[in-house]
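# Inside the fold
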Amino acid sequence: MSAHFAQTAWAAAAVLFVAISAWGVGGVFQEWLCEDGDLLDSEAAALRFLAGVGALGLAGFLVGQIYFSRWTCAAVLLAGALLNFRFPWRGRRWTTLSPALLFAAAIVGLLLISGLALPVGDVDADEISYHLLGPPIWLREHRIAPVLEEALTAFPETIEVLSGMASVLSNDRAPGPLGVLIFAAFLLQARGLARRLGGGRLAGDLAAAFLAGMPAVTSTVDQCFVDVPYAAFILAAARLSLEKLHPRRAMLAGVFAGFAAGTKYFGLPAIVFIALLIVIFQAGKIGTRLRHAVIFTVLSAVAGGAWYVRNWIVLGDPLYPPPPTVWHWLPTPTFSLEACIALKERITLRGMGFGKGFADLLLLPFRLTYWTAFFHGGGGMGITPLAFGPVALALLWKNRAARAWAALGAILTVFWFYSDQEFRFLDPAVAIFAAFAGVGAAALLRQGTRLSRWPVFVAIGLSLVLGIAHVLSSRAPRLLAVFSPARAEVRIREGVPHYEAFAFLNSRPEVRKVFVCQPYTTVYFLKKPYTVAIGRLGEQPHASIGSVNDAVASVRELGVTHVFDLSFYNSGFQWPTSGAGRLVYEEKDVRIYACDAGENTP
Amino acid sequence: MNNQGPPNWILRLAPWWVMAVIVGYAVFTVLGSRTVQRLLGK
């Protein structure tokens, strides 16, 4: 029992250490953030923290190219934490908590706790299949490198590096709460944006509450996904770019955009969109606007380019897994063209949403509000954007900055609509919707008559109740698992596929390397080195091994001591019983073979 | 927003719009419920 709470406390301490370190590193950017005086103190604090998160993740990645260990992680984080002495916080005005902010704080608090639960799930859960897969392997191999058996670990992983640093210093409970701290900064950004749009304090607080109450946003923040951090970086880049711009600001905005590209591939098109908006919406001569756009783009390449250069050098493609068109130019041996095409088809099918026609685009605001299930939305975004967003647009139409923000929201939405309609990929635009909704709701509450206010209260109440009900209902098992070791044990046994089989392998020192036959095995729970013949997306880590049968003859060459064979949904076992090794473990869907002579039987 | 406050027509129309959005939400929530879907044979 005490081990459970000790692990939880240790993870919380590691997250706090990372947060303090990120705050220190963000201090390097503080002067540039505050020099124009147009950011709220809370917003500047959020951007300082986010800048630190991005820079620390990048620093961890670069150091990890040379050596990755607990000591190097601790050294990087300690260096960041010491910067706090050099860059103390200059903000003075701390905000008082309104009911709307209290609501947002309550959501953040609940998610911080639920984030401390151990991750469970099968291979369909992104955090299990790849977000959390890298750090333990980097720690074993002492280098941050893509896992060839799982191509999606070659995605830019700024956030995974940072959360990985927290988890290697503590345990796998750490990445969840770290994501929630970034989410808290994201809420402060939405609040600052609503204030910037002219909505006043009520509008800002409502915007933060609306965003905190959107199930489509909150459904991933405590589960090691990177959509909210990516959205926060994009929002930061846009916030700085769409103000009065000068070269230093363009550089800082570019750094944030680079961090976004270092977090998610979607950051790349967003850089182009923001650069375009700089040219279109900034005042001044066209030459100056173009110069700022170029500065912005160059700095984003500097801050975010490391991941793409690494992929190009190590895997042969800056974008990996490569789109089929890129593969034709830069073929890579570890990911076949067929696998590229299959992955593209899979993404296209999953991202269809409600269709891609022009009428579908026009109906999108209604469908995003009412028919959320079609966008893998986890409960949608409530009704406040549709109820109050158009009101704010009508009120703010003569405001140039508001038009620029509306344009960014529209461009991001149209791009999302025609690329991949997964709700969480829309998070940057959703934050803009929340800011506009906050402005619209505040205007109606201020200006309307008593009779006209009640639908406003109903719409706000419905959305916020929906938001907190979703958090409570979806997080109940996680929350209980944090406070009750018995519940945690039950959750792990029910949520970890083939728990006993993995425990068998993980507990035996003679297990040195495992060959995994079925690509849909949840290898995250296997704490030993492993390899596969073909990965779940068609990855082929070994050029000469294209099937399980090839591997049977190559056991010694692969250095494999054990084989994990899974009959996935009764698909049948693949490892031949007459093949190398003898059966040492068997349950309904799992067989484990020992390949070395003299292995112990259970 | 400018200092003169928002135009009146927006404030007159807005509550009706908000109400329509709420009613739409209620309708779609009921229509999407398992009970109604079962009654509709889907």
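What counts as what
Residues numbered from 1 in each chain as written. Chains lettered and ligands numbered in written order. Predicted model: local features only at pLDDT ≥ 70, side-chain atom pairs only at ≥ 80, totals over all residues. Helix = DSSP H or I, 4+ residues; strand = E, 2+ residues; numbered from the N terminus. Rg over C-alpha atoms; globule rule 2.2 N^0.38 Å. Buried ≥ 20, exposed ≤ 12 C-beta atoms within 10 Å, placed from the backbone. Contact = placed C-beta atoms within 7 Å. Core = buried A, V, L, I, M, F, W, Y, C linked by C-beta atoms within 7 Å. Pairing = 2+ DSSP bridges. Axes fitted to C-alpha atoms, helices over the stretch in contact; angles between N-to-C directions. Parallel < 35°, antiparallel > 145°, perpendicular 65-115°, else oblique. Left-handed = near helix turned anticlockwise from the far one by under 90°. Nonpolar A, V, L, I, M, F, W, Y, C, P; charged D, E, K, R; others polar. pLDDT = per-residue confidence, 0-100. Expected span 1.5 Å × (residues − 1). Arc of directions from axis to C-beta.

### Observations regarding the overall build of chain A
- Helices and strands together make up the secondary structure of chain A, namely 26 helices and 5 strands.
- Taking 602 residues into account, the globule formula puts the C-alpha radius of gyration at 25 Å, and chain A, at 25 Å, falls close to it.
- Dimensions along the principal axes, computed over C-alpha positions, put chain A at roughly 80 × 55 × 50 Å.
- For chain A, the proportion of its 602 residues judged to be buried stands at 54%.
- For chain A, the share of sequence-separated contacts (at least 6 apart) that also reach a separation of at least 24 residues comes to 72%.

### A word on the overall build of chain B
- If you tally the helices and strands in chain B, you get 2 helices and 0 strands.
- The buried share of chain B, reckoned over its 42 residues, is 19%.

### A short note on the nonpolar core
All names here are of chain A.
- Ranked by size, the top nonpolar core spans 213 residues in total, and within it Ala 190, Ala 207, Ala 208, Leu 211, Ala 237, Phe 256 and Ala 435 carry the most contacts.
- At 14 residues, the largest contribution of residues to this core is made by helix α21 (residues 427-447).
- Ala 190 has contacts with Ala 207, Ala 208, Leu 211, Ala 431, Ala 434 and Ala 435, leaving out every residue within four places of it along the chain.

### Looking at the pairing of strand β5 (residues 590-594) of chain A
Residue and element names in this part refer to chain A.
- Of all 5 residues making up β5, 5 are buried, and the element is well covered by its neighbours.
- Residues Val 590, Ile 592 and Ala 594 line one face of β5 and the alternating positions Arg 591 and Tyr 593 line the opposite face, and both faces are buried.
- Relative to β5, strand β3 (residues 562-566) is paired through 5 bridges, and the arrangement is antiparallel. Residue pairing across strands places His 562 opposite Ala 594, the latter belonging to β5.
- Inspection of the sheet shows strand β4 (residues 582-586) paired to β5 by 4 bridges, in the antiparallel sense. By the bridge assignment, Arg 582 is partnered in β5 with Ala 594.
- Joining the antiparallel neighbours β4 and β5 is a turn of 3 residues.

### Topic: the sheet that holds β4(A)
Residue and element names in this part refer to chain A.
- Sheet architecture is open: 5 strands sit in the order β2-β1-β3-β5-β4, paired in mixed fashion. Each edge of the sheet is formed by a strand with only one pairing partner; in this case those strands are β2 (530-532) and β4. Across this sheet, the average inter-strand angle for adjacent strands is 25°, counted without regard to direction.
- The sheet contacts of helix α24 (residues 499-506) involve β1 (514-516), β3, β4 and β5, and relative to β5 the element is tilted by about 15°.

### Overview of the packing of helix α3 (residues 41-66) of chain A against helix α9 (residues 175-196) of chain A
Residue and element names in this part refer to chain A.
- Axis separation between α3 and α9 bottoms out at 8 Å; the angle between their running directions is 140°. Comparing their axes, α9 and α3 come out oblique. The way α3 lies across α9 gives a crossing that is left-handed. On the side of α3, the interface is formed by Ser 42, Glu 43, Ala 46, Phe 49, Leu 50 and Val 53, while α9 contributes Ile 182, Ala 185, Leu 188, Gln 189, Arg 191 and Gly 192.
- Residues belonging to the contact of α3 with α9 are distributed by class as follows: 7 nonpolar, 3 polar and 2 charged.

### Some details on the confidence of the model for chain B
- Model confidence for chain B is summarised by a mean pLDDT of 78, while 81% of its residues fall at 70 or above.
- Interface scoring of the predicted complex returns ipTM 0.86; its pTM is 0.94.

### A closer look at helix α1 (residues 8-32) of chain B
- A rise of 1.5 Å per residue sets the reference length of α1(B), with its 25 residues, at 36 Å; its end C-alpha atoms lie 37 Å apart and thus fit the reference within 8%.
- Ile10(B), Leu11(B), Ala14(B), Pro15(B), Val18(B), Val21(B) and Tyr25(B) are the residues of α1(B) that are buried.
- Summarising the contacts, the buried residues of α1(B) are in contact with α18 (358-370), α19 (384-396), α21 and α22 (450-483) of chain A.

### Quick look at the interface of chain B and chain A
- With 15 residues of chain B in contact, the opposing surface of chain A contributes 20 residues.
- Classifying every residue of the side of chain B that touches chain A by side-chain character gives 13 nonpolar, 2 polar and no charged.

### Points about the packing of helix α12 (residues 227-241) of chain A against helix α13 (residues 247-261) of chain A
Residues and elements named next belong to chain A.
- Interaxial distance between α12 and α13 falls to 8 Å at its minimum, and their mutual angle equals 165°. Considered as vectors, α12 and α13 are oriented roughly antiparallel to each other. Here the hand of the crossing between α12 and α13 comes out left-handed. Side by side, α12 and α13 meet where Tyr 230, Phe 233, Ile 234, Ala 236, Ala 237, Leu 240 and Ser 241 of the first sit next to Arg 249, Leu 252, Ala 253, Phe 256, Ala 257, Phe 259 and Ala 260 of the second.
- Grouping the constituent residues of the contact of α12 with α13 by class yields 12 nonpolar, 1 polar and 1 charged.

### Considerations on the environment of Pro485(A)
- Within the secondary structure layout, Pro485(A) lies in helix α23 (residues 485-495).
- Residues Pro485(A) and Pro215(A), 270 residues apart in the sequence, show an inter-C-alpha distance of 27 Å.

### What about the environment of Pro576(A)?
- Of note, Pro576(A) is situated in the loop between β3 and β4.
- The spatial distance from the C-alpha of Pro576(A) to the C-alpha of Leu337(A) is 29 Å, given a sequence separation of 239 residues.

### A word on unusual backbone geometry
Residue and element names in this part refer to chain A.
- Here Tyr 320 and Pro 321 are connected by a cis peptide whose omega angle stands at 0°.
- Residue position: Pro 321 is located in the loop between α15 (286-315) and α16 (324-329).
- Of note, Cys 224 is a non-glycine position whose phi angle comes to about 70°, a positive value.
- Within the secondary structure, Cys 224 is located in the loop between α11 (215-221) and α12.
- According to the C-beta neighbour criterion, Cys 224 is buried, with 25 such atoms within 10 Å.
- Of note in the backbone geometry, His 498 takes a positive phi value of approximately 55° without being a glycine.
- Note on His 498: 21 C-beta atoms within 10 Å, which makes it buried.

### Points about the confidence of the model for chain A
- This prediction gives chain A a mean pLDDT of 93; 98% of its residues lie at or above 70.
- Predicted confidence for residues 597-602 of chain A stays below pLDDT 50, and this span has 8 contacts to residues more than four positions away or in other chains.

### Some words on the environment of Tyr569(A)
- Within the secondary structure, Tyr569(A) sits in the loop between β3 and β4.
- Residues Tyr569(A) and Arg140(A), spaced 429 residues apart in sequence, show a C-alpha to C-alpha distance of 31 Å.

### Details of helix α7 (residues 134-141) of chain A
Residues and elements named next belong to chain A.
- Restricting attention to buried positions, one finds in α7 the residues Gly 134, Pro 135, Ile 137 and Trp 138. The buried residues of α7 occupy an angular sector of 165° when projected down its axis, which confines them to one face.
- Of the surrounding secondary structure, the elements contacted by the buried residues of α7 are α3 and α8 (158-169).
- Once α7 ends, the next one or two residues include His 142, with phi positive near 60°.

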